[in-house]
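Working through the structure, step by step
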Amino acid sequence: MKQLIIFVFVFTFITTKAQVTIGTGDHVVEIGGVFSTYLNFRTIKEDAANQNKNKDRFKLRDARFFIEGRIENKYEYKIQADLSSLGASETDPESPALYDAYIKYKGFKPFNITVGYGKLPYSRASLVAFTNSPYWQRAEVVRGDLFSRRDVGVTLDQSLWNNRINVYAGVYTGTGEVFWQGDNDPSGAFEYIGRIDFSYPSRYRYQDIDTRVSPVPMISIGTNARYSKRDLPVGETFITGEAGPYGIKVIDGKRLGIGIDASFQYKGFSAQFETQQLKATPNNVKDPNLRGLPKELTKGYFKSGGWIAQANYFIQPAKTIVSGRYEQLDLNDLVPGNSRRLSAAVAYQLNGSRSMIKAQYFKILKEESIDPLRWTEQFRIGWQLALN
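Residues numbered from 1 in each chain as written. Predicted model: local features only at pLDDT ≥ 70, side-chain atom pairs only at ≥ 80, totals over all residues. Heavy atoms only, no water.

**With respect to unusual backbone geometry**
Let me state the cut-off plainly: In this text, helices come from DSSP runs of H or I with a minimum length of four residues, and strands from runs of E with a minimum of two, each type numbered from the N-terminal end. Only protein chains enter the accessibility calculation, which uses a 1.4 Å probe; a residue is then buried when its area is under 20% of its type maximum, exposed when over 50%, and partly exposed in between.
The step from Tyr200 to Pro201 runs through a cis peptide bond, and the omega angle for that step is 10 degrees. Following the sequence through the fold, Pro201 ends up in the loop between β10 (191-200) and β11 (218-230). Phi is positive for Asn163, close to 70 degrees, though the residue is something other than glycine. Inspection of the secondary structure puts Asn163 in the loop between β8 (150-160) and β9 (165-172). In the Ramachandran plot, Lys319 falls in the positive-phi region, its phi being about 55 degrees despite a non-glycine side chain. Relative to the helices and strands, Lys319 resides in the loop between β14 (302-315) and β15 (320-330). For Lys319, a relative accessible area of 37% gives the class partly exposed.

**Remarks on the packing of aromatic side chains**
Our working rule: Here a Phe, Tyr or Trp ring, Trp counted by its six-membered ring, pairs with any other such ring whose centre lies within 6.5 Å, and the pair is stacked when the planes are under 30 degrees apart, edge-to-face when over 60, and tilted otherwise. Counted as over-ring charges are cases with an Arg CZ or a Lys NZ within 6 Å of the ring centre that also lie within 35 degrees of the ring normal.
Evaluated as defined, the whole model comprises 13 aromatic pairs. With a centroid separation of 5.3 Å and 50 degrees between ring planes, the pair formed by Trp307 and Tyr326 is classed as tilted. Within this pair, whereas Trp307 is found in strand β14, its partner Tyr326 is found in strand β15, the two being separated by 19 residues in sequence. Clustering of aromatic rings is evident, with ring pairs tying together Tyr38, Phe130 and Trp136. Across the ring face of Trp161, the terminal group of Arg164 is positioned such that the distance to the ring centre comes to 4.5 Å. When the ring centre of Tyr301 is taken as origin, the NZ or CZ atom of Lys279, which lies over that ring, is 4.3 Å away.

**Things to note about the pairing of β15**
Put simply, the rule is: Paired strands, as defined in this entry, are two strands with at least two bridges between them according to DSSP.
Inspection of the sheet shows β14 paired to β15 by 11 bridges, in the antiparallel sense. Note on β15: the bridge partner recorded for Ala309 is Tyr326. Following β14, the chain reverses through 4 residues before pairing antiparallel with β15; Lys319 in that reversal takes a positive phi of roughly 55 degrees. Direction of pairing for β15 relative to strand β16 (residues 339-351): antiparallel, over a ladder of 10 bridges. Within β16, the position partnered with Tyr326 by the bridge is Leu342.

**As for the side chain of Asp185**
We apply this condition: N or O atoms within 3.5 Å of each other form a polar contact, as long as, within protein, one can give a hydrogen and the other can take it, and as long as residues adjacent in sequence are counted only when both atoms are side-chain atoms.
Counting through the fold element by element, Asp185 comes out in the loop between β9 and β10. Classification of Asp185 by relative accessible area gives buried; the value is 3%. Within the local environment of Asp185, its side chain forms a polar contact with the side chain of Ser187, the two groups lying 2.4 Å apart. One polar contact links Asp185 to Arg230, side chain to side chain, over a distance of 2.9 Å.

**Points about the layout of surface pockets**
This is how it is decided: Space inside and on the surface of the protein is sampled on a 1 Å grid over the protein atoms alone, with a cavity defined as a set of points where a 1.4 Å probe fits but cannot get out and a pocket as an open set with protein on both sides within 12 Å along at least 5 of 7 lines; lining residues have an atom within 4 Å of a point. Grid points are joined across faces, edges and corners, and a volume is the space filled by probe spheres set on the points.
A volume near 1500 Å³ is recorded for the second largest pocket. Residue lining of the second largest pocket: 49 residues in total, with Glu90, Thr91, Asp92, Pro93 and Arg143 positioned closest to the centre. Contributing elements (two or more residues each) for the lining of the second largest pocket: β3 (27-44), β4 (57-71) and β18 (375-387). Counting residues per element, the lining of the second largest pocket draws most heavily on β4, which supplies 4 residues.

**Remarks on empty space enclosed by the protein**
So the rule is basically this: Basically, the charged four are Asp, Glu, Lys and Arg, the nonpolar ten are Ala, Val, Leu, Ile, Met, Phe, Trp, Tyr, Cys and Pro, and anything else, Gly included, counts as polar.
Evaluated as defined, the whole model comprises 4 cavities of 30 Å³ or more. Estimates place the volume of the largest cavity at around 250 Å³. Lining the largest cavity are 20 residues, with Ala125, Val128, Asp208, Gln310 and Arg325 positioned closest to its centre. If you list the elements that add at least two residues to the lining of the largest cavity, you get α2 (124-127), β12 (253-266), β13 (269-282) and β14. The biggest single contributor to the lining of the largest cavity is β13, with 3 residues. Taken together, the residues of the lining of the largest cavity sort by class into 9 nonpolar, 4 polar and 7 charged. Its volume calculated, the second largest cavity comes out at about 90 Å³. Residue lining of the second largest cavity: 13 residues in total, with Leu329, Ser339, Arg341, Asp371 and Leu373 positioned closest to the centre. Looking at the lining of the second largest cavity, the elements with two or more residues in it are β16 and β17 (355-366). Here the lining of the second largest cavity takes 3 residues from β16, the largest share from any one element. Among the residues forming the lining of the second largest cavity, the class breakdown is 5 nonpolar, 1 polar and 7 charged.

Remember that the coordinates give geometry; whether it matters functionally is a separate question.
Below you can see the structure in the form of structure tokens.
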């Protein structure tokens with residue numbers, strides 16, 4: 001018996017390709033990380049060349065470390081931080097200093113309960129992990145400037161019909177990635193999010209590339225919504241950075257977001273489509289987002305949003321992914337025009353998605369007057385190593 005007790009409490013270290021696993025019987029802990037760096041080139045407009053150079057540079061995008069664990073089949077937890085973002089003057093919602101800090105309880109039969117900080121169940125393109133993508137940057141509409149990608153709160157989720165149907169519902173602070181600056185903003189309001197997706201003929205994971213080379217056609221369709229109503233007391237302001245670079249990530253008033261997405265894969269080919277539409281109704285008729293236009297014209301609200309279309313092919317014998325993406329973004333429908341971008345990506349797998357050399361090309365087809373850019377095209381190439 002004594003020998004058995006000692007055996008149960010002895011740590012067993014198992015190296016499985018990348019992460020380290022530590023086990024004590026019913027408790028398993030995994031330790032891993034993600035490291036990535038790239039070289040960036042930009043083509044600057046002629047009239048902007050003297051304002052600043054093109055900022056060609058090397059960038060350390062990820063220096064992430066995580067610890068995640070499971071206790072029996074009831075509890076899961078994860079802590080993940082990115083050292084490359086520590087000390088940054090602004091929070092990048094695509095690459096924040098803190099990625100995850102949550103606990104999930106799976107022992108409650110109707111649904112799982114997750115409490116803490118992590119990725120929100122909203123937008124398929126946002127839910128796809130960076131390490132599973134050939135791109136260095138997400139499309140503008142889903143990269144976190146229009147809505148938060150992570151937040152603190154409570155999420156309920158359940159999977160049905162052998163994981164073909166996934167349902168999520170949650171309540172969150174609404175402050176997003178800047179929650180670490182303190183309490184909720186002066187409005188004291190929350191944000192509510194729900195999502196449901198359906199896949200056929202079997203489970204469809206949140207990834208863009210068909211690296212499994214599916215022998216049968218697979219499809220997944222999803223929809224999600226998010227709502228908040230924030231009433232700032234007179235003289236108060238939002239937390240620094242909470243409203244995002246365009247001042248629309250949160251507003252003093254009502255905000256409703258609706259999204260629809262679809263994904264398909266078969267024999268290495270895959271394609272995705274997603275649209276996101278946000279309607280905001282400020283409390284103040286003089287809100288800058290209403291552009292000083294009369295209420296008879298604005299009806300008291302403005303809309304933001306856009307859409308993405310992407311196609312990919314995994315060339316299995318060459319261990320290479322090729323992809324193309326088109327995107328449109330309209331930051332404010334009260335201002336004429338929108339922005340349009342075209343991107344292409346190639347990724348060569350040194351060791352599956354764990355170790356990849358990734359290259360992405362951006363081309364600005366059209367820009368919006370709200371967000372004039374200094375550059376017309378951009379190229380990034382680098383290496384990704386995921387220890388997970």
